[in-house]
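Summary of structural features
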Amino acid sequence: MLRLLASGCARGPGPGVGARPVVGLCHPGLRQSRQASDAPRNQPPSPEVVARSVGVCSMMRLPVQTSPEGLDAAFIGVPLDTGTSNRPGARFGPRRIREESVMLRTVNPSTGALPFQSLMVADLGDVNVNLYNLQDSCRRIQEAYEKIVAAGCIPLTLGGDHTITYPILQAMAKKHGPVGLLHVDAHTDTADEALGEKLYHGAPFRRCVDEGLLDCKRVAQIGIRGYSTTLDPYRYNRSQGFRVVLAEDCWMKSLVPLMAEVRQQMGGKPIYISFDIDALDPAYAPGTGTPEIAGLTPGQALEIIRGCQGLNVVGCDLVEVSPPYDLSGNTALLAANLLFEMLCALPKVTTV
């Protein structure tokens, strides 16, 4: 059984609103089998029928399950910030993102994507992390994601600090082998160690390289910026074959041409999308632990994710939302929208 905790457990929105009954910890023995292609799929309830303040606090108010069986894709929270180096609070990110996701709807008119007509989607609650032991938390995350991936379910993760991507990619590599990576961030997260520790949110992709989890020729890092302790802070990344796209090379321009190049780089093999909310300028996303000025805009973030349509995306995450520094909720709202865009970009989603 997955070491998952449901984010909430209450009666669903009721019959006739297009969503299946909630399955959470209050019904731990229930398992749902994979649906036939013509069977009804989960649908977030419409705000025209069910008020946004009504229902379980799940992603988009989708049904909550404890098993990935029968799902094509699922939202999962990893409420961990033990690897944070500056401002804490990302452990509260998944809950806050879910709260803001009530503003989302089921169709993406800009891309023509119909995710809930194409996929069976639910919220799998949260991984039961150990806030007092980062190594143990990573073990728990890896074990949970191995089960999710083995069930044929594509995970869309609500973080949590960026440490969590390392054990997720360990699970991904067990099924897919080394994967390509689209990493959107202010920081490369390839430091070797800090304060004598090799496991923290500044080092997940260094650990992934050490373990051969990445297809390094298919790694693109976008939005990188900030001051450094050396004049060539990206030497390690480029020596591994990563493409590093600095934020200043993105200023004042559309990223559609860049994403055409990234698609060519990634090809048809599996890729993973890891999006740190601090890739965006803190004017748009102040609620994060390590903000850097002069970042990407929300429009550029949409261009990046929409540019992944047609790629073999096997998993995604959105990390580093810190609600204590997000007084308006705008950062979490932006994160919820970007996760929906990731869902819309998954391979089996129908577009019209």
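The name that an unreviewed UniProt entry assigns to the protein is Guanidino acid hydrolase, mitochondrial, with the source organism given as Macaca mulatta. Per UniProt, the protein has the following entry under Pathway (unreviewed entry): "Nitrogen metabolism; urea cycle; L-ornithine and urea from L-arginine: step 1/1." The Sequence similarities (unreviewed entry) comment attached to the protein in UniProt states, word for word, "Belongs to the arginase family. Agmatinase subfamily."

1. Topic: the pairing of strand E5 (residues 154–159)
Most of E5 sits out of view: six of its six residues are buried. By the bridge criterion, three bridges tie E5 to strand E10 (residues 312–319) in an arrangement that is parallel. Bridge assignment links Leu 156 to a residue of E10, and that residue is Cys 316.

2. Thoughts on the pattern of salt bridges
One pass over the structure, following the stated rule, counts 17 salt bridges. Close ionic contact of Arg 91 with Asp 81 constitutes a salt bridge, the shortest N to O distance being 2.6 Å. Of the two residues, Arg 91 sits in the loop between strand E2 (73–78) and helix H1 (93–100) while Asp 81 sits in the loop between E2 and H1, which places them 10 residues apart along the sequence. Look at Asp 81 and you get buried, because its relative accessible area is 5%.

3. Topic: the environment of Thr 84
Turning to its location among the elements, Thr 84 is positioned in the loop between E2 and H1. The spatial distance from the C-alpha of Thr 84 to the C-alpha of His 201 is 5.8 Å, given a sequence separation of 117 residues. Residues within four places of Thr 84 in sequence aside, it is in contact with Asp 161 and His 201. Of note is the side chain of Thr 84, whose polar atom sits 2.8 Å from the backbone oxygen of Asp 81.

4. What to know about the UniProt feature "binding site: Mn(2+)" (unreviewed entry) in the protein
With numbering aligned to this structure, UniProt lists the feature "binding site: Mn(2+)" (unreviewed entry) at His 162, Asp 185, His 187, Asp 189, Asp 276 and Asp 278. Across 117 residues in sequence, these annotated residues keep their C-alpha atoms within 12.1 Å of one another, forming a single compact spot. What makes His 162 buried here is its relative accessible area of 0%. Excluding its chain neighbours within four sequence positions, the residues that come into contact with His 162 are His 183, Asp 185, Asp 189, His 201, Pro 204, Phe 205, Ser 274, Asp 276, Asp 317, Val 319 and Glu 320. Mapped onto the fold, Asp 185 is located in the loop between strand E6 (179–184) and helix H5 (204–210). Filtering out sequence-adjacent residues up to four positions away, Asp 185 remains in contact with His 162, Ile 222, Gly 223, Ile 224, Asp 276, Asp 278 and Ala 279. A distance of 2.8 Å separates a polar atom in the side chain of Asp 185 from a polar atom in the side chain of His 183.

5. Regarding the side chain of Thr 157
Along the chain, Thr 157 falls in strand E5. A relative accessible area of 0% means that Thr 157 is categorised as buried. There is a polar contact of 2.6 Å between the side chain of Thr 157 and the side chain of Tyr 145. With residues up to four places along the chain from it excluded, the contact list for Thr 157 reads Ile 76, Val 78, Tyr 145, Ile 164, Ile 168, Tyr 272, Cys 316, Asp 317, Leu 318 and Leu 339.

6. Observations regarding the packing of aromatic side chains
On inspection of all chains with the given rule, the structure shows zero aromatic pairs. A cation over a ring is seen here: Arg 87 above Tyr 325, with NZ or CZ 4.0 Å from the ring centre. Across from the ring centre of Tyr 236, 3.8 Å away, lies the NZ or CZ of Arg 206, which sits over that ring.

7. Things to note about the nonpolar core
Core analysis: the largest hydrophobic core is formed by 54 residues, its most contacted members being Ile 97, Leu 182, Phe 275, Leu 318, Leu 343 and Leu 346. Not counting residues within four places of it along the chain, the set of residues in contact with Ile 97 comprises Met 59, Leu 158, Gly 159, Leu 318, Val 321, Ala 332, Ala 335, Ala 336 and Leu 339. In this structure, Val 78, Ile 164, Leu 181 and Leu 213 belong to the second largest nonpolar core, which totals 44 residues.

8. Brief notes about helix H3 (residues 134–150)
Given a rise of 1.5 Å per residue, 17 residues ought to cover 24 Å, and the 24 Å separating the end C-alpha atoms of H3 matches this to within 8%. The opening residue of H3 is Asn 133, an N-cap whose side-chain oxygen sits 3.1 Å from the backbone nitrogen of Gln 135.

9. As for the packing of H1 against helix H9 (residues 330–344)
Two numbers describe how H1 lies on H9: the axes approach to 8 Å, and their chain directions differ by 80°. Relative to H9, the element H1 is oriented roughly perpendicular. Residues Arg 96, Ile 97 and Glu 100 of H1 lie in contact with H9, whose contacting residues are Ala 332, Leu 333, Ala 335, Ala 336 and Leu 339. Considered class by class, the residues forming the contact of H1 with H9 number six nonpolar, no polar and two charged.

Reading guide: rules and limits
Residue positions are given per chain, counting from 1 as you read along its sequence in written order. Reporting in this predicted model follows two pLDDT cut-offs: at least 70 for local features of residues, and 80 or more for side-chain atom pairs to be given and counted; totals over whole chains, interfaces and linings ignore these cut-offs and use all residues. Where side-chain values are given, they derive from all heavy atoms of the structure, hydrogens and water being excluded. UniProt positions are given in the numbering used here, feature names are shortened, and annotations may be inferred rather than shown by experiment. Between buried and exposed lies partly exposed: a residue is buried under 20% and exposed over 50% of the maximum accessible area for its type, with that area taken using a 1.4 Å probe on protein chains only. Only runs of H or I of at least four residues qualify as helices and only runs of E of at least two qualify as strands under DSSP, and these elements are numbered from the N terminus. When DSSP finds at least two bridges between two strands, those strands are taken to pair. Each reported salt bridge corresponds to a side-chain nitrogen of Lys or Arg within 4 Å of a carboxyl oxygen of Asp or Glu. The contact definition used throughout considers only heavy atoms, calling two residues in contact when any of these lie within 4.5 Å. Identification of polar contacts relies on pairs of N or O atoms within 3.5 Å, with a donor-acceptor requirement for protein atoms, meaning one able to donate a hydrogen and the other able to accept it, and with residues adjacent in sequence counted only if both atoms are side-chain atoms. Pairing of aromatic rings covers Phe, Tyr and the six-membered ring of Trp, with a centre-to-centre limit of 6.5 Å; geometry is then stacked below 30 degrees between planes, edge-to-face above 60, and tilted otherwise. Placement of a charge over a ring requires the Lys NZ or Arg CZ to be within 6 Å of the ring centre, with the centre-to-atom vector within 35 degrees of the ring normal. Nonpolar cores were defined as sets of buried Ala, Val, Leu, Ile, Met, Phe, Trp, Tyr and Cys residues, with membership established by side-chain atoms within 4.5 Å. What a helix should span is 1.5 Å times the count of its residues minus one. Lines fitted to the C-alpha atoms define the axes, with helices restricted to the stretch that makes contact. Angles between their N-to-C directions range from 0 to 180 degrees. Should an angle fall under 35 degrees it is called roughly parallel, over 145 degrees roughly antiparallel, and 65 to 115 degrees roughly perpendicular, with every other angle called oblique. Think of it as three bins: nonpolar holds Ala, Val, Leu, Ile, Met, Phe, Trp, Tyr, Cys and Pro, charged holds Asp, Glu, Lys and Arg, and polar takes everything else, Gly as well.

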